[in-house]
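Overview (structure and organization)
Here's the letter readout for the chains.
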Amino acid sequence: MANKSWSVTTDEGTFSVDLKGNKVSINGGAPERLTRFAKKTHFVDTEYTIPLGNRAATLFIQSMAAPILAYNGHNCATGEPWEYQKIPAWGIVFLVLDLLTILYGSWIISAFALIVTAVVIRSKLNTGIKILLSILLIVGTLVLQTVLALAVVSMI
C-alpha cells in the first residue's frame, strides 16, 4: 500500500492524516493499525472510519487504485466532490466470467484477465467502452487458452 498524506479541515481545526502501509497517524501521533478503526468491506474495497476530533473522515482502500480520504463528501486530496462508487452489476458479471474461465484452462491467464477487468471497471472510460473491453478480454482469454491447449495436445 502506498504512503499518502492528507490535510483535513473541520469545524474543530485542521488535521494531518498520514497513511503508511497499513497504519494511520493523525496529527503526527503514534501510527495505529487500520484494523483498529471501524470498517466496511465491499466486494474488493474496504472503507475505514477515521476519527478527527468529534468528526470522522472515511478512508477508502480500493483495489488497483490509490487510497482516498473523504470528508463531508469531498476528496481531501483534490477538494472535489467524491462518493464511493459500487461495482456495477455488469462489472460483477464480467468478474465472475473471468473466474469461470479458470475452468477452461490456465489459471494464470484467468487471474491476469481478472486483474485487468478490475482495472477496466475502475477506469474513467465510458461505460460502453468498459463493457466492450471486458468482452474482448474474455474472448481473448478463451482464445489464448484454446491455442495453448492445442499446442500442448499437439506435443503429445
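Position numbers for residues count from 1 along each chain, tracking the sequence in the order it is written. The predicted nature of this model means local features are confined to residues of pLDDT at least 70 and side-chain atom pairs, given and counted, to a pLDDT of 80 or more, with totals for whole chains, interfaces and linings taken over all residues. As a rule here, side-chain values come from all non-hydrogen atoms in the structure, and water together with hydrogens is ignored.

1. Thoughts on the overall build of the protein
Under the DSSP-based scheme used, a helix requires at least four consecutive residues in state H or I and a strand at least two consecutive residues in state E, with every element numbered from the N terminus. The helix and strand tally for the protein stands at three helices and nine strands. When the helices and strands of the protein are placed in sequence order, the string is β-β-β-β-β-β-β-β-β-α-α-α. Note that the radius of gyration is over C-alpha atoms, with the globule rule given as 2.2 Å times the number of residues to the power 0.38. In summary, the protein has a C-alpha radius of gyration of 20 Å against a globular reference of 15 Å for 156 residues, an excess of more than 25%. Projected onto its principal axes, the C-alpha coordinates of the protein cover approximately 70 × 30 × 20 Å. Looking at the protein as a whole, 32% of its 156 residues are labelled buried. The contact definition used throughout considers only heavy atoms, calling two residues in contact when any of these lie within 4.5 Å. When contacts within the protein are restricted to residue pairs at least 6 apart in sequence, those whose partners lie at least 24 apart make up 38%. Carbon and sulfur atoms form 64% of the exposed surface of the protein, whose accessible area is close to 9,600 Å². Charged side chains in the protein number 12 positive and 9 negative. The centres of these two groups are separated by 5 Å. Burial classes: relative accessible area under 20% of the type maximum marks a residue as buried, over 50% as exposed, and values in between as partly exposed (1.4 Å probe, protein chains only). Throughout, the Shrake-Rupley method with a 1.4 Å probe supplies accessible areas, and for residues the shown protein chains are the sole cover considered. Positive: Lys, Arg. Negative: Asp, Glu. His and the chain ends are not part of the count. A charge is said to be at NZ when it belongs to Lys, at CZ for Arg, at CG for Asp and at CD for Glu.

2. Quick word on the sheet that holds strand β4 (residues 32-33)
DSSP bridges decide pairing: two strands pair if at least two such bridges lie between them. Read across the sheet, four strands follow the order β1-β2-β3-β4 without closing on themselves; strand pairing throughout is antiparallel. The open sheet has two edge strands, β1 (4-10) and β4, and neither has a second partner. As defined by bridge partners, strand β2 (residues 13-20) adjoins strand β3 (residues 23-26) across four bridges and the pair is classed as antiparallel. Across the sheet, the residue bridging to Lys20 is Lys23, located in β3.

3. Comments concerning the packing of helix α1 (residues 89-100) against helix α3 (residues 127-155)
To define axes, lines are fitted to C-alpha atoms, for helices over the stretch in contact only, and angles between the resulting N-to-C directions are given on a 0 to 180 degree scale. Packing of α1 against α3 leaves a shortest axis separation of 10 Å and a crossing angle of 10°. Judged on the interaxial angle alone, α3 and α1 are roughly parallel. On the side of α1, the interface is formed by Trp90, Phe94, Leu97 and Asp98, while α3 contributes Thr127, Lys130, Ile131, Ser134, Ile135 and Ile138. For this classification, Asp, Glu, Lys and Arg are treated as charged, while Ala, Val, Leu, Ile, Met, Phe, Trp, Tyr, Cys and Pro are nonpolar and the rest, including Gly, are polar. Residues of the contact of α1 with α3, tallied by class, amount to six nonpolar, two polar and two charged. For classification purposes, an angle smaller than 35 degrees is called roughly parallel, one larger than 145 roughly antiparallel, one from 65 to 115 roughly perpendicular, and anything else oblique.

4. Structural notes on the sheet that holds strand β9 (residues 74-75)
On the basis of which strands lie adjacent, the open sheet formed by five strands has the order β5-β6-β7-β8-β9 and antiparallel pairing. At either end of the open sheet lies a strand with only one pairing partner, and these are β5 (39-41) and β9.

5. Here's the deal with the pairing of β2
By the bridge criterion, seven bridges tie β1 to β2 in an arrangement that is antiparallel. Counterpart to Thr10 in the pairing with β2 is Gly13. Here β1 hands over to β2 after two residues, the two strands then running antiparallel side by side. Where β2 folds back onto β3 in an antiparallel hairpin, the turn is made up of two residues, including Gly21, whose phi is positive at roughly 65°.

6. Regarding the pattern of salt bridges
Only one rule defines a salt bridge in this text: a Lys or Arg side-chain nitrogen within 4 Å of an Asp or Glu carboxyl oxygen. Per the counting criterion, the structure on display carries two salt bridges. The partner of Asp11 in a salt bridge is Arg55, and the shortest N-O contact between them spans 2.6 Å. In this pair, Asp11 is assigned in the loop between β1 and β2 and Arg55 in strand β7 (residues 55-61), connecting sequence segments 44 residues apart. Judged by its relative accessible area of 59%, Asp11 is exposed. Classification of Arg55 by relative accessible area gives partly exposed; the value is 35%.

7. Considering the nonpolar core
One recurring pattern in soluble globular proteins: nonpolar side chains tend to sit buried together. Definition used in this section: a nonpolar core is a set of buried Ala, Val, Leu, Ile, Met, Phe, Trp, Tyr and Cys residues joined via side-chain atoms within 4.5 Å. One finds Trp6, Val8, Val24, Ile50, Leu59 and Leu69 to be the most contacted residues of the largest nonpolar core, which totals 17 residues. When residues of this core are traced back to their parent elements, those giving at least two are β1, β2, β6 (46-52), β7 and β8 (68-71). The residues touching Leu69, leaving out its near neighbours within four places in the chain, are Trp6, Val8, Val17, Ile50, Ala57, Thr58, Leu59, His74, Asn75 and Cys76. Counting seven residues, the second largest nonpolar core, distinct from the first, contains Phe94, Ala118, Ile121 and Ile138.

Everything listed here is a matter of geometry and, on its own, says nothing about what the molecule does.
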